[in-house]
Every structure is written in C-alpha cells, then in structure tokens.
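# Summary of the model geometry
Here is what each chain is made of, one letter per residue.
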Amino acid sequence: MTGAASGKIAIRGLRKVFADRGGRGGTVALDGIDLDVQEGEFFCLLGPSGCGKTTLLNILAGFDQPTGGEALLDGRRISAPGPDRGVVFQEYALFPWLSVMDNVMFGLIETGTPRPKARETAEQYIALTGLRGFEKSLPHQLSGGMRQRVSLARVLANSPEILLLDEPFAALDAQTRLLMQRELIKIIQSVGKTCFFITHSIDEAIFLGTRVAIMTARPGRIKKILEVTLPYLRDVTSSEFNALKREALKLIEEEVEAAGRQ
Ligand SMILES: Nc1ncnc2c1ncn2[C@@H]1O[C@H](COP(=O)(O)OP(=O)(O)O)[C@@H](O)[C@H]1O
Ligand SMILES: [Mg+2]
C-alpha cells in the first residue's frame, strides 16, 4: 500500500516492534507515526532518551525496516540506503587511516568520480565547513568539533537531497556545541538542503528547527509539532525563544514522568 504523499518525506502509520530474543512480545519502539517533512525544511525531532528517535532515523536512512506503515521519499517507499540521503551520527564515522581530504573524497571516488573532480568538490566542502588548512590531518589529530565538520563535509560532498542527523553534537562540550549549531545553520543556508535533525536538547531544537516535533515516551508517537518562525540566527535570550522553550519543556516533562511510571 502506498498512502498519499505530500511531503518530501512522508511517514504514514509507521510502527516498529523489536522482537524479544525468545520471539515472544517485544518492544514497541514506534507506533502510529504520521509526519510530513517539506523540501527545504529544517525539521527537528525532539524527545526523551529511548523514545524511538534513532529507530525512526534508521528507517528513513533505509538501515532498518518498519513493522507496519511506511516511510516515503518523493512518494517512493524507502527500503534501502541511497545517495539521496546523507547520514551524520553522534559518533564520527570517519576512516581513521585516511586524511581529512581523503575522507571527504571517499564517497565520490567510490561512485566513480574522477580524482581531480572529486578533489575539487571535496575542497569546496572543506572550505564551507571551515576545515581549510586541515586537509592532510588524520581524524585523531582533530578535536570532536572538527571531526564532526569532516563528517558533514563528507556527507555534503556526495550531494544528498536530505541530511539525516542523529544527535550529531551530543558528544561535544557546551561551547563547541553552540559554535557547531551556528556553523550548521550557515552551511545549510548556503547549500539549501532539507534537514531531519534529532536531538534530546530543547535549546538545540528551538535554535535550529523551522519545526520541532516533540515525541512521546516509548512507544514513540508525535505528540505535538511547534512552528518556529524566528529568523536565524536566533536570540536565545529573547522572550519568543523562551516562550517556545517553556512550551517544549512542559511537553517533554510530561513524557519523562510518563516514562518514569512505565
Ligand atoms: N536493535 C534493537 N533491538 C531491540 N530493541 C531496540 C533496538 N534498537 C532500539 N531498541 C529499543 O527501542 C527503543 C527506542 O530506541 P532508540 O530508537 O534508540 O531511542 P532514542 O534514539 O530515542 O534514544 C528503546 O527502548 C530501545 O531499547
Ligand atoms: Mg538515539
């Protein structure tokens, strides 16, 4: 069955159950998710730990299959990973033995781009992500923030239509995290990609998202979607920002309490 699709990403009645080892029962990670993400949106998915955010992202990436319902990209059911989607994880999925330049060029070379062209494209994204001067460095010589810049550059070099980001800044220290959020906005504005960004940080979601979907505790459903119409770069001390924060916090707190009672 293919339901009516209206978004770039359309999620219809999505359900995911992880079976127990013995085959009895299981964990219902997602249940009845309906969601549309429009082209060019910066969509943030906000929810408490364990509510099913990564499970949803894995289905969108094509790494995992739903138990029920479907996820569509441009009206076509997602069933496998594809070059139209670029994924950035919390852990930097870089090749430790390759330089920054070779990491960024990797996907292009894999897909048959001639070396000079791959290098030219990689240089462009190395510049965009603020990595100029670090082309020859190995990942272990870089800070966490710099490594996430490499992950971003590598994904962007493959020119995906959508970026799927799973708590990409969660392991960074607070200062670096703020810096990377600002950088990400600039980068996304310059490349104009659709973003699906997962976080459990309320501040991060409201700072980045044009819409913020708040999930329920397990099984994950969409509880509410907040529109954030504040222009970039957002003033986190403004009364509008804080009003949104208050609303999101209230919704999340209800879910954390509900999870505590489970
Ligand atoms: N491969 C798996 N096998 C069994 N249970 C899983 C698996 N992946 C996730 N889960 C369970 O599904 C729920 C949602 O997990 P996850 O999507 O990782 O949450 P989040 O990313 O929001 O923290 C959790 O209860 C988790 O333990
Ligand atoms: Mg997760």
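The residue numbering used here restarts from 1 in each chain and proceeds along that chain's sequence as written. Ligands are numbered from 1 and chains lettered from A, in the order in which they are written. Given that the model is predicted, a residue must reach a pLDDT of at least 70 before its local features are reported, and side-chain atom pairs must reach 80 or more before they are shown or counted; all residues, however, enter totals for whole chains, interfaces and linings. Side-chain figures throughout are based on the complete set of non-hydrogen atoms in the structure, without hydrogens or water.

### What about the sheet that holds strand 7 (residues 162–166)?
Two strands make a pair as long as DSSP finds a minimum of two bridges between them. A helix here means a DSSP run of H or I that spans at least four residues, while a strand means a run of E at least two residues long, and both kinds are numbered starting from the N terminus. The strand order 6-7-8-3-9-10 describes an open sheet built from 6 strands, whose pairing is mixed. Each end of this open sheet is capped by a strand with a single partner; those strands are strand 6 (85–88) and strand 10 (222–227). Ignoring which end each strand starts from, the neighbouring axes of this sheet average 15 degrees apart. When strand 7 meets strand 8 (residues 194–199), the two strands line up parallel, connected through 5 bridges. Only the stretch in contact is used when fitting a helix axis, every axis being a line fitted to C-alpha atoms; angles between N-to-C directions are given from 0 to 180 degrees.

### With respect to the domain arrangement of the protein chain
The assigned domain composition of the protein chain is domain 1 (9–84 + 161–261) and domain 2 (94–159). Domains are outlined according to an automatic or database domain assignment. Measuring from the centre of the C-alpha atoms in domain 1 to the corresponding centre in domain 2 gives 26 Å. Contacts are assigned to residue pairs with any non-hydrogen atoms lying within 4.5 Å of each other. Contacts between domain 1 and domain 2 engage 15 residues on the former and 12 residues on the latter. Two parts placed together each lose some accessible area under a 1.4 Å probe, and the buried area is that loss summed for both. Between domain 1 and domain 2 the total buried area reaches about 1100 Å² when both faces are included, carbon and sulfur atoms providing 73% of it. Each salt bridge in this description consists of a side-chain nitrogen of Lys or Arg and a carboxyl oxygen of Asp or Glu lying within 4 Å of one another. Viewed at the interface, domain 2 and domain 1 are joined by 1 salt bridge.

### Here we look at the pairing of strand 9 (residues 211–215)
Think of it in three bands: residues with accessible area under 20% of the maximum for their type are buried, residues over 50% are exposed, and the middle band is partly exposed, with areas taken using a 1.4 Å probe on protein chains only. With respect to burial, strand 9 is a largely interior element, 5 of its 5 residues being buried. Neither face of strand 9 is left uncovered, since the one carrying R211, A213 and M215 and the one carrying V212 and I214 both have all their residues buried. Strand direction decides the pairing type here: strand 3 (residues 42–46) and strand 9, joined by 4 bridges, are parallel. From the neighbouring strand, L46 faces strand 9, where its bridge partner is I214. Summarising the sheet, strand 9 and strand 10 pair through 5 bridges and their orientation is antiparallel. Considered in strand 10, the bridge of M215 is made with I222.

### A short note on the sheet that holds strand 1 (residues 9–18)
The 4 strands lie next to each other as 2-1-4-5, forming an open sheet whose pairing is antiparallel. Where the open sheet ends on each side, the last strands, each with one partner, are strand 2 (27–37) and strand 5 (76–77). When strand 4 (residues 68–73) meets strand 5, the two strands line up antiparallel, connected through 2 bridges. Following the sheet pairing, L73 is matched in strand 5 by R76.

### Brief notes about the packing of aromatic side chains
Put simply, two rings from Phe, Tyr or Trp (the six-membered ring, in Trp's case) pair if the centres are within 6.5 Å, and we call them stacked under 30 degrees between planes, edge-to-face over 60, tilted for the rest. Inspection of every chain in the model, using the stated rule, returns 6 aromatic pairs. Considering the side-chain rings of F95 and W97, the 5.4 Å spacing of their centres and the 45 degrees angle between planes classify their relative orientation as tilted. According to the relative accessible area criterion, W97 is exposed, its value standing at 61%. Centre to centre, the rings of F95 and F106 are 4.5 Å apart; their planes meet at 50 degrees, and the pair counts as tilted. One end of the pair, F95, is in the loop between strand 6 and helix 2 (100–110); the other, F106, is in helix 2, and 11 residues separate them in sequence. In this structure F95 comes out as partly exposed when scored by relative accessible area, which is 23%. By the ring-pair criterion, three or more aromatic residues cluster together here, those being F42, F169 and F197.

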